[in-house]
Amino acid sequence: MSKTGNLSINSENIFPIIKKWLYSDHDIFVRELVSNGCDAITKLKKLEAMGQYTFPDNYKAKIEVICDPDAKTLKFIDNGLGMDEDEVEKYITQIAFSGATDFLEKYKDKANNDEIIGHFGLGFYSAFMVADDVHIDTLSYKEGAKPVHWECDGGSEYSIGDGEKATVGTEITLFLNEESVEFANEYRVREVLEKYCSFMPTEIFLSKANAPQEYETIDESELRDDDVVVEHIHEDAKTEEKENDKGEKETVVVSPAKDQVKINKRPVSISDTHPLWTKHPNECTEEEYKEFYRKVFMDYKEPLFWIHLNMDYPFNLKGILYFPKINTEYDSIEGTIKLYNNQVFIADNIKEVIPEFLMLLKGVIDCPDLPLNVSRSALQNDGFVKKISDYITKKVADKLSGMCKTDREEYEKYWDDISPFVKFGCLKDDKFCEKMTDYILFKNLDGKYMTLPDCLEVNKVDPDEKEEGDSAVDENGEKVEAEVVDEVAAGEEAGEGAEEEKKEKTIYYATDLKVQSQYVNMFKQAKMDAVVLPDQIDQPFINQLEMKNEGIKFQRIDADLTDTFKAKTSKKTQEELNAQSEELQKLVRKALKNDKLTVKVEKLKNKKVSSVLTISEESRRMQDMMKMYAMNGMDMGMFGGEGETLVLNVSHPLVEYVIAHKDDKDNKNEALICEQLYDLAKLQQGPLDAEAMTKFVNRSNDIMVALTK
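Residues numbered from 1 in each chain as written. Predicted model: local features only at pLDDT ≥ 70, side-chain atom pairs only at ≥ 80, totals over all residues. Heavy atoms only, no water.

Student: In this structure, what is going on with the overall build of the protein chain? I would like to understand it.
Tutor: Along the protein chain, the regular secondary structure elements total 19 helices and 26 strands. Expressed as a percentage of the 709 residues in the protein chain, the buried residues total 46%. When contacts within the protein chain are restricted to residue pairs at least 6 apart in sequence, long-range pairs at least 24 apart make up 71% of them. Summed over its atoms, the accessible surface of the protein chain is roughly 38,200 Å², and 47% of this surface lies on carbon and sulfur atoms. (Helix = DSSP H or I, 4+ residues; strand = E, 2+ residues; numbered from the N terminus. Buried < 20%, exposed > 50% of the residue type's maximum accessible area, 1.4 Å probe, protein only. Contact = heavy atoms within 4.5 Å. Areas by Shrake-Rupley, 256 points an atom, 1.4 Å probe, with all protein chains shown as cover.)

Student: Quick question: what am I supposed to make of the side chain of threonine 437 here?
Tutor: You can see threonine 437 is positioned in the loop between helix 9 (430-436) and strand 19 (441-444). Take threonine 437: its relative accessible area is 9%, and that puts it in the buried class. If near-sequence neighbours (up to four positions away) are discounted, threonine 437 is found in contact with Leu452 and Asn549.

Student: Would you mind going over the environment of aspartate 153 with me for this structure?
Tutor: When you line up the elements, aspartate 153 lands in the loop between strand 5 (148-152) and strand 6 (157-162). Counting along the chain gives 22 residues from aspartate 153 to phenylalanine 175, while the straight-line C-alpha distance between them is 9.3 Å. Setting aside anything within four residues of it in sequence, one finds aspartate 153 in contact with Phe128, Asp132 and Asp133.

Student: Explain unusual backbone geometry to me, please; I cannot follow it from the model alone.
Tutor: A negative phi angle is the norm for most residues apart from glycine, just as the trans form is the norm for most peptide bonds. Phi is positive for lysine 527, which is not a glycine, with a value near 60 degrees. Looking at the secondary structure, you find lysine 527 in the loop between helix 13 (517-525) and strand 22 (531-532). Even without glycine at this site, lysine 593 takes up a positive phi of about 55 degrees. Along the chain, lysine 593 turns up in the loop between helix 15 (571-592) and strand 24 (598-602).

Student: Please clarify how the pattern of salt bridges should be interpreted in this entry.
Tutor: Close approach of charged atoms lets side chains of opposite charge pair. Under the counting rule described, the total for this entry stands at 38 salt bridges. Put simply, glutamate 618 and lysine 553 hold a salt bridge, and the shortest N to O gap is 3.3 Å. In this pair, glutamate 618 sits in helix 16 (residues 617-627) while lysine 553 sits in strand 23 (residues 553-556), placing the two residues 65 residues apart along the sequence. Note that arginine 556 is salt-bridged to aspartate 558, the shortest N-O span being 2.8 Å. Three or more residues joined by partner-sharing salt bridges are found here, namely Asp84, Glu87 and Lys142. (Salt bridge = Lys/Arg side-chain N within 4 Å of Asp/Glu carboxyl O.)

Student: Even after reading the chapter, I still don't get the packing of aromatic side chains, so can you show me in this structure?
Tutor: When we look at a pair of aromatic rings, we describe it by the centre distance and by the angle of the planes. Enumeration over the complete set of coordinates arrives at 33 aromatic pairs. Taken together, a centroid distance of 5.1 Å and an interplanar angle of 85 degrees make the contact between phenylalanine 29 and phenylalanine 183 edge-to-face. Here phenylalanine 29, found in helix 2 (residues 28-49), pairs with phenylalanine 183, found in the loop between strand 7 (169-176) and helix 5 (186-196); they are 154 residues apart in sequence, far enough to count as distant. Assigned by exposure class, phenylalanine 29 and phenylalanine 183 land together as buried. Through pairs of rings, three or more aromatic residues link up here, namely Tyr196, Phe199, Trp277, Phe292, Tyr340 and Phe345. Seen from the ring of tyrosine 215, lysine 262 lies directly overhead, with NZ or CZ sitting 4.9 Å from the centre. (Phe/Tyr/Trp six-rings, centres within 6.5 Å; stacked < 30°, edge-to-face > 60°. Lys NZ or Arg CZ within 6 Å of the ring centre and 35° of its normal.)

Student: Any chance you could explain the sheet that holds strand 10 (residues 229-235) here in plain terms?
Tutor: The pairing of strands in a sheet happens through backbone hydrogen bonds and is either parallel or antiparallel. Read from one edge to the other, the open sheet built from three strands follows the order 9-13-10, with strand pairing classed as antiparallel. A single partner strand is all that each edge strand has here, and the edge strands are strand 9 (215-219) and strand 10. Strand-to-strand, the axes of this sheet are offset by a mean angle of 25 degrees, without reference to chain direction. Here strand 9 pairs with strand 13 (residues 258-264) via five bridges, running antiparallel. By the bridge assignment for strand 13, isoleucine 218 is matched with valine 261. (Pairing = 2+ DSSP bridges. Axes fitted to C-alpha atoms, helices over the stretch in contact; angles between N-to-C directions.)

Student: Is there a simple way to think about the packing of helix 2 against helix 5 in this case?
Tutor: A pair of packed helices is captured by two measures, namely the crossing angle of their axes and the spacing between those axes. Contact pair helix 2 / helix 5: the axes reach a minimum separation of 9 Å and the direction vectors enclose 65 degrees. Relative to helix 5, helix 2 is oriented roughly perpendicular. The element helix 2 and its partner helix 5 pack so that their crossing is right-handed. Of the residues in helix 5, those in contact with Ile28, Val30, Arg31 and Val34 of helix 2 are Val192, Leu193 and Tyr196. Partitioned by chemical class, the residues of the contact of helix 2 with helix 5 number six nonpolar, no polar and one charged. (Parallel < 35°, antiparallel > 145°, perpendicular 65-115°, else oblique. Left-handed = near helix turned anticlockwise from the far one by under 90°. Nonpolar A, V, L, I, M, F, W, Y, C, P; charged D, E, K, R; others polar.)

Student: Whenever I open this one, the sheet that holds strand 17 (residues 344-348) confuses me. Can you help?
Tutor: Here we have five strands laid out as an open sheet, ordered 14-15-18-16-17, and mixed in their pairing. Edge positions in the sheet fall to strand 14 (305-311) and strand 17, since each has one partner strand and no second. Between one strand axis and the next, the sheet turns through 15 degrees on average, direction left out of account.

Student: Even after reading the chapter, I still don't get a negative patch on the surface, so can you show me in this structure?
Tutor: On the surface, a cluster of negative charge is made up of Asp132, Asp153, Glu157 and Glu179. One can find aspartate 132 in strand 4 (residues 131-139). Overall, aspartate 132 belongs to the partly exposed group, its relative accessible area being 46%. (Patch = residues over 30% accessible without salt bridge, like charges linked within 9 Å, V, L, I, M, F, W, Y side chains within 5 Å. Lys, Arg positive; Asp, Glu negative; His and termini not counted. Charge placed at Lys NZ, Arg CZ, Asp CG, Glu CD.)

Student: What's the story with the side chain of histidine 135 in this structure? I'm lost.
Tutor: Relative to the helices and strands, histidine 135 resides in strand 4. A polar contact is formed between the side chain of histidine 135 and the side chain of aspartate 133, at a distance of 3.4 Å. The residues touching histidine 135, leaving out its near neighbours within four places in the chain, are His149, Trp150, Glu151, Glu171, Ile172, Thr173 and Phe175. (Polar contact = N/O pair within 3.5 Å; in protein donor to acceptor, adjacent residues only side chain to side chain.)

The structure is reproduced here in structure tokens:
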């Protein structure tokens, strides 16, 4: 006897909302219906544990998904606690009345909240996104319960009556609409199940209706209670006659007797019910971590290392974060972090939970305490989510800093691969930057790794500083005037204290060892050191370090020439060099047609260096920043020459020639040499632009032709 009734809803427009707006992805109905089945099984296990139900012999918790492309149907079958007629009316016909909530309230002193997936009653109705008609056949675990059949065509009416189900549990049948018949295809359903349900706590089996039965043969000793035996197979032992060592013939058993059975082929579960993140880190092997990584992310490059998250208080969170080996030239920089709720997949890379810089990693995070909205697809309660995000950040920083302190060699091995991640994290997260500042590594000119505190220890003492008792002579071996010596001594005792402090906190760096080779060689010859910062992220990164660490300054090796590279000069000689600088600046500016260029004449220790071009650190950083806006049509030529200083080495013959002939108006070589000196210095900082390179090549040819005459 069937009866009819009206669904208990608060709005007559609820179905259009469910169908179009509740879920962003229509395939998510698979997750919802499988989750409901898992809940039903979990509840039945709780009741059995409390002595309120006894499992039948050979009970095995499972969810079956059966697709039928001919009938255009999709079935979801669980062997959970089922429902009686009153419960169907209560939990199905009253939309948004959560069965999970009601169950927990009833058994709140005995049931573990974390193990119940469902939080809302709308999951079942996601079926109407893809189905014109939905049927439910269910039988409650309660003694004397009768089977119930319920059906609804997506309108506001339903029918409910006696059913025919003979086993405890629930079977939901979806009669798919024309737009959704793809979900009757076995391969499409498998794809969705693997996407959302790969780690559900209950085994999930997928099959195709009316598919021909497949068989397999196993040893009888391996037979399970749920196997369906088709045939018993006995094989007698096989023997052969062979000669032994004494030349006597004897019978030898070649193949022993076998008792085997032919059975219906066992279905393979889609779900790994005990994923690696649910285990304690001490229970997991290195190979298990790597295998899990390959399986989940389809990445056959081994991860560098990983962090196993396992937290019970003040919130429940488990997971594994992998540091992948990234080939920045070909690979996508963005990683994938999968978010789960009680082993139910929610989404990839939810930015509210996963800090932005951690998106470079790959991993899984399972947090049953996540405050999800009704569709389990978005987050609520920003304050709580922020705590989760902060915890994850802290664990990553603890792992990296701990590795640097306890296994420096291993940390250095990984550094080149993880440095973009760490630097990006420091730029994006102040707390992460604060924790990691002393564990950031820099590679020096000899390829040795140093921390920031290590970098501050180098270049403290001028290698050219004279030991006590040395004679005070200039670069030509002539005695320096007494007043110069007095000035130096006074400076060391008074004014140079502040200069020394500033020098101690200056970290020199190079961006390209090949292009800046001249400066690198000068540094090495002067027994000074610098770090190598070749990546684009390094410029904003050192800006961040300077802001966060008062007194620390980064300066590129070609930003200025310190006294270390200059020969000692007397006061009189220095006055002469200053005068020559003013004269040559006019000459060089005229030859180059560049009124912004500063020219200095110095006496460098290295007599093979004719000219050096320096650009102040402030000007270079300004130019780098402006380059970011060049794509918007800004004319970068307006910054040309700003902050540039051409240093001419008075000890070099070419510079001596220019100085000697600076007043010779008929000398055409002078301007030619000035241009050449500038371009040679420019080439030590990077390639010339097309026009300048053409002029440089032509000029070089002219100079070589002149040598042949």
